[in-house]
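Understanding the architecture of this molecule
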Amino acid sequence: MFAFILRRLMQAVIVMIAVAFIAFLLFQYVGDPVVFLLGQDATPDQIRQLRSDLGLDQPFFVQFWHFLVNAAQGEFGLSLRQGAKVSRLIAERFPATLELALIAALMALAIGIPMGVYSALRRGNFLSQLFMTISLLGVSLPTFLIGILLILVFAVQLGWFPSFGRGETVQIGWWSTGLLKAKGWHHIVLPAITLAVFQLTLIMRLVRAEMLEVLRTDYIKFARARGLSNRAIHFGHALKNTLVPVMTITGLQLGGLIAFAIITETVFQWPGMGLLFIQAVTFADIPVMAAYLCLIALIFVVINLIVDLLYFAVDPRLRVARSEAH
């Protein structure tokens, strides 16, 4: 297990260095931060002085090393658009994105797994066919269209939910949350549904396919031959083994929810990192773009590492295979 963790950590470090290098190239080849900070009317002496102060007159790899050291400490300089520290802007926006992603993930799991199990156990049933049709629509429709339709129906026509913003929030230290207020939950419903639809349909179809595969295995046939009830077979044996690959996909999808909440946050004007990133792209705010890229890569690396460890712990076949290899 220690060797497995060490190997995964080394891979994670290599990935993060590669992502940091790509982020660093943004500073080198996308616009000039000196021009952004000083404006077009700056004199050559002012430009030269600021370049020296920022270390931009140093060799390429020296600059990259300084960037790595600062990035490891969570420092990416100042936002070119807002003039505030990028780390502070990210810290302010991260809670909103994480809460939205977690609610969407829980919603997708709570609805997608039962739908997938039902569709596998009741093939040909009308409700099962309806679930498959809904899942096909969920996979096919783009996220922004789902969000706009939800706003049109539930915010504009019915007036049940607000169409934008996060609502009331509570500050707990540096963390802000809207989940302790009724209006916060009221505001998060539509964005969470929009973000969860694709993940829900993906989980449902994956659970259904895995469940059908597991039900055809020999140990399920032996369980039936021993006289076990359908309930014990379906939920005590089949479902437990079905959820092993689902756990892997779900863990990675959580990173995807955080990374690709950009469209949902833009549609609902949700004050998270995705909206901050879109604004940074619009104004070519390179430090914010670089910080976002590095943070998303770190989230994916950490989630991937946790999923690998859980998969290794849950599936005994991996441990047996590794012990036999040694």
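Residues numbered from 1 in each chain as written. Predicted model: local features only at pLDDT ≥ 70, side-chain atom pairs only at ≥ 80, totals over all residues. Heavy atoms only, no water.

Broken down by element type, the protein chain carries 14 helices and 2 strands. Taking as baseline every contact in the protein chain between residues at least 6 positions apart, the subset at least 24 positions apart corresponds to 71%. Total accessible area computed for the protein chain in this model is approximately 17,900 Å², and 68% of it derives from carbon and sulfur atoms. (Helix = DSSP H or I, 4+ residues; strand = E, 2+ residues; numbered from the N terminus. Contact = heavy atoms within 4.5 Å. Areas by Shrake-Rupley, 256 points an atom, 1.4 Å probe, with all protein chains shown as cover.)

Counting 44 residues, the largest nonpolar core has I258, M273 and I296 as its most contacted members. Contributing elements (two or more residues each) for this core: α1 (2-29), α4 (60-72), α5 (86-121), α8 (182-215), α10 (230-259), α12 (273-282) and α13 (286-314). Those residues in contact with I296, other than ones at most four positions away along the chain, are I258, A259 and M273. (Core = buried A, V, L, I, M, F, W, Y, C linked by side-chain atoms within 4.5 Å. Buried < 20%, exposed > 50% of the residue type's maximum accessible area, 1.4 Å probe, protein only.)

If you check the backbone angles, Q269 has positive phi at about 50° while not being a glycine. Residue class for Q269 comes out partly exposed when judged on its relative accessible area of 42%.

Below, the discussion takes up the packing of helix α6 (residues 126-140) against α8. Direction vectors running N to C along α6 and α8 enclose 135°, while the axes themselves pass 8 Å from each other. If you check the angle between α6 and α8, you find them oblique. Of the two elements, α6 crosses α8, and the hand of that crossing is left-handed. Every residue of α8 that contacts α6 at F131, M132, I134, S135, L136, G138 and V139 is listed here: V197, F198, T201, M204, R205 and R208. Looking at side-chain class alone, the contact of α6 with α8 contains 8 nonpolar, 3 polar and 2 charged residues. (Axes fitted to C-alpha atoms, helices over the stretch in contact; angles between N-to-C directions. Parallel < 35°, antiparallel > 145°, perpendicular 65-115°, else oblique. Left-handed = near helix turned anticlockwise from the far one by under 90°. Nonpolar A, V, L, I, M, F, W, Y, C, P; charged D, E, K, R; others polar.)

Next up on the list: the packing of α5 against α8. One can describe the packing of α5 onto α8 by two numbers: an axis separation of 5 Å at closest approach and a directional angle of 35°. Crossing hand, α5 versus α8: right-handed. Residue classes in the contact of α5 with α8 are distributed as 27 nonpolar, 4 polar and 2 charged.

This next bit is on empty space enclosed by the protein. The gaps of empty space that remain are located by a probe, the size of a water molecule, rolled over the atoms. A full pass over the atoms with the stated rule returns 1 cavity of 30 Å³ or more. Considering only enclosed or pocket space, the largest cavity measures out at about 40 Å³ in volume. A105, A108, Q199, I203, T250, Q253, L254 and L257 are the residues that line the largest cavity. Of all the elements in the fold, those that place two or more residues in the lining of the largest cavity are α5, α8 and α10. (1 Å grid on protein atoms, 1.4 Å probe; cavity = no way out; pocket = protein on both sides within 12 Å on 5 of 7 lines; lining within 4 Å. Points joined across faces, edges and corners; volume = space filled by probe spheres on them.)

Following the sequence through the fold, S119 ends up in helix α5. For S119, a relative accessible area of 0% gives the class buried. For S119, the residues in contact, after removing those within four places along its chain, are S128, F131, M204 and R208.

Tracing the backbone through its elements, the reader meets S176 in strand β2 (residues 175-177). Apart from the residues within four sequence positions on either side, S176 is in contact with E92, P95, E99, R166, V170 and Q171.

Turning next to the pattern of salt bridges. One pass over the full model with this rule turns up 4 salt bridges. A salt bridge links E92 to R88; its shortest N-O distance comes to 2.7 Å. Note that E92 and R88 are positioned in helix α5 at a spacing of 4 residues, about one turn of the helix. The salt bridge partner of K183 is E168, with a shortest N-O separation of 3.9 Å. Separated by 15 residues along the polypeptide, K183 in helix α8 and E168 in the loop between α7 (143-157) and β1 (170-172) bring together distant segments of the chain. (Salt bridge = Lys/Arg side-chain N within 4 Å of Asp/Glu carboxyl O.)

Before going further, it helps to spend a moment on the confidence of the model for the protein chain. On average, residues of the protein chain score 79 in pLDDT, and 89% of them reach the 70 mark or higher. By mean pLDDT, helix α14 (residues 316-325) is the weakest element of the protein chain at 52, and α7 is the strongest at 89. (pLDDT = per-residue confidence, 0-100.)

What follows covers the packing of aromatic side chains. On inspection of all chains with the given rule, the structure shows 8 aromatic pairs. Ring centres of F24 and F67 lie 5.6 Å apart, and the angle between their planes is 50°; this geometry places the pair in the tilted category. Of the two residues, F24 sits in helix α1 while F67 sits in helix α4, which places them 43 residues apart along the sequence. Summarising the burial analysis for this pair, F24 and F67 share the class buried. Ring centres 6.0 Å apart and planes at 70° place the aromatic pair F67 and F76 in the edge-to-face group. The exposure class assigned to F76 is buried, which follows from its relative accessible area of 13%. (Phe/Tyr/Trp six-rings, centres within 6.5 Å; stacked < 30°, edge-to-face > 60°.)

Turning next to α4. Look at α4: 18 Å from first C-alpha to last across 13 residues, which is about the 18 Å you get at 1.5 Å a residue. Restricting attention to buried positions, one finds in α4 the residues Q63, F64 and F67. Each buried residue of α4 lies within a common arc of 100° when the element is viewed along its axis, so the set occupies one face. Facing away from the buried side of α4 by more than 90 degrees, the exposed set consists of F61, W65 and A72. Just downstream of α4, G74 is the residue with a positive phi angle, here 80°. (Expected span 1.5 Å × (residues − 1). Arc of directions from axis to C-beta.)

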